[in-house]
Amino acid sequence: AGEDNVHRRRVDFTGAAIEAFLKESDTYHEGGANLPVLPALKAAGTPKLDGVLDEPCWRQAEAQPFKMAFTGEAPEATKATTVQAVWTPQGVTFGFKLQEPDIDNIRALRAEHDQAIYADDCIEIFLDITGERRRYYQIVANSLGAIYDGTAEGAAWNAAGTKAAAHREDDHWSLEVHVPISDFEDAPAVQIGSVWYANFTRSRWVPGFELQRWSTLLRPSNHDFSAFGKVRFVE
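The structure displayed is predicted, hence computed values, not measured ones.

Caption draft 1: Spatial organisation of the nonpolar core. Counting 37 residues, the largest nonpolar core has Phe-94, Phe-96, Ile-125, Leu-127, Val-177, Trp-196 and Phe-200 as the members making the most contacts within it. Counting only elements with at least two residues in this core, the list comes to β1 (37-42), β4 (81-88), β5 (91-99), β6 (122-128), β7 (137-142), β10 (172-180), β11 (195-204) and β13 (229-234). Not counting residues up to four positions away in its chain, the partners in contact with Trp-196 are Val-92, Leu-127, Asp-128, Ile-129, Ile-181, Phe-184, Val-190, Gly-229, Lys-230, Val-231 and Phe-233. In terms of nonpolar packing, the next biggest core, distinct from the first, is built from 6 residues, Leu-41, Trp-58, Ala-61 and Val-86 among them.

The following block contains the structure:
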């Protein structure tokens, strides 16, 4: 193409785009370089589902912070949110603590299964349980313990055994979501060393909308497979 002409500029422009695409492809297929890993701690039994994170397993399980979804360099959220996970061979329970100074005004308008729970103050859970990076299950729960469930394809999914419970305090609310393995169509048995790909988001509506994510690449969509971190099952 030579130097300093329109053809060279076209080559440079196209080449840079291809290099960026290949780098993103490598990151995606390697499972996300520098993306978080949440240890799910094996528990003696499923925690009591009351939204209160006071059982010994929650005191032992690592709590990891959410970040602002779109802000450059992804700083930790100003109103802190954390996620924890514990498991038994029968299922996984996720625990969330959501700081909220205006607890009386959080949005909680939907109390029935499969209503638009995602339009309330809520937690969304995205789970790729096979690690094939082709399909995920979505669970949304609000401060009333109501649940919405779906899949990556937008298809109906009846997570019949999945339950949620929430609890409010003066300056925060907390949430437990139990997901039995039997709710999934394609779930391999979980054991020490198993890995799921996952992401978690928080929608906060007071005083204005704020979106937080456990793992973010600062992109608009929550449904971005390449941003999914890992949930690693540990003893």
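Caption draft 2: How the structure looks around the environment of Glu-124. Mapped onto the secondary structure, Glu-124 falls in strand β6. Each C-alpha atom, one on Glu-124 and one on Ile-139, is 5.8 Å from the other, the two residues being 15 residues apart in sequence. Apart from the residues within four sequence positions on either side, Glu-124 is in contact with Tyr-118, Gln-138, Ile-139, Val-140, Asn-199, Phe-200, Thr-201, Ser-203 and Asn-222.

Caption draft 3: Just the packing of aromatic side chains, in detail. For the structure on display, the rule yields 17 aromatic pairs. Summarising the aromatic geometry, the rings of Phe-66 and Phe-96 are spaced 6.5 Å apart at their centres and angled 85 degrees between planes, so their arrangement reads as edge-to-face. Taken as a pair, Phe-66 in the loop between β2 (64-65) and β3 (67-68) and Phe-96 in strand β5 lie far apart in primary sequence, 30 residues in all. Take Phe-66 and Phe-96: they sit in the same class, and that class is buried. An aromatic cluster of at least three residues, connected via ring pairs, comprises Trp-87, Tyr-137, Trp-157, Phe-184, Trp-196 and Phe-233. Here the basic side chain of Arg-107 rests over the ring of Trp-205, its NZ or CZ set 3.9 Å away from the ring centre.

Cut-off values and rules
- Residues numbered from 1 in each chain as written.
- Predicted model: local features only at pLDDT ≥ 70, side-chain atom pairs only at ≥ 80, totals over all residues.
- Heavy atoms only, no water.
- Core = buried A, V, L, I, M, F, W, Y, C linked by side-chain atoms within 4.5 Å.
- Buried < 20%, exposed > 50% of the residue type's maximum accessible area, 1.4 Å probe, protein only.
- Helix = DSSP H or I, 4+ residues; strand = E, 2+ residues; numbered from the N terminus.
- Contact = heavy atoms within 4.5 Å.
- Phe/Tyr/Trp six-rings, centres within 6.5 Å; stacked < 30°, edge-to-face > 60°.
- Lys NZ or Arg CZ within 6 Å of the ring centre and 35° of its normal.

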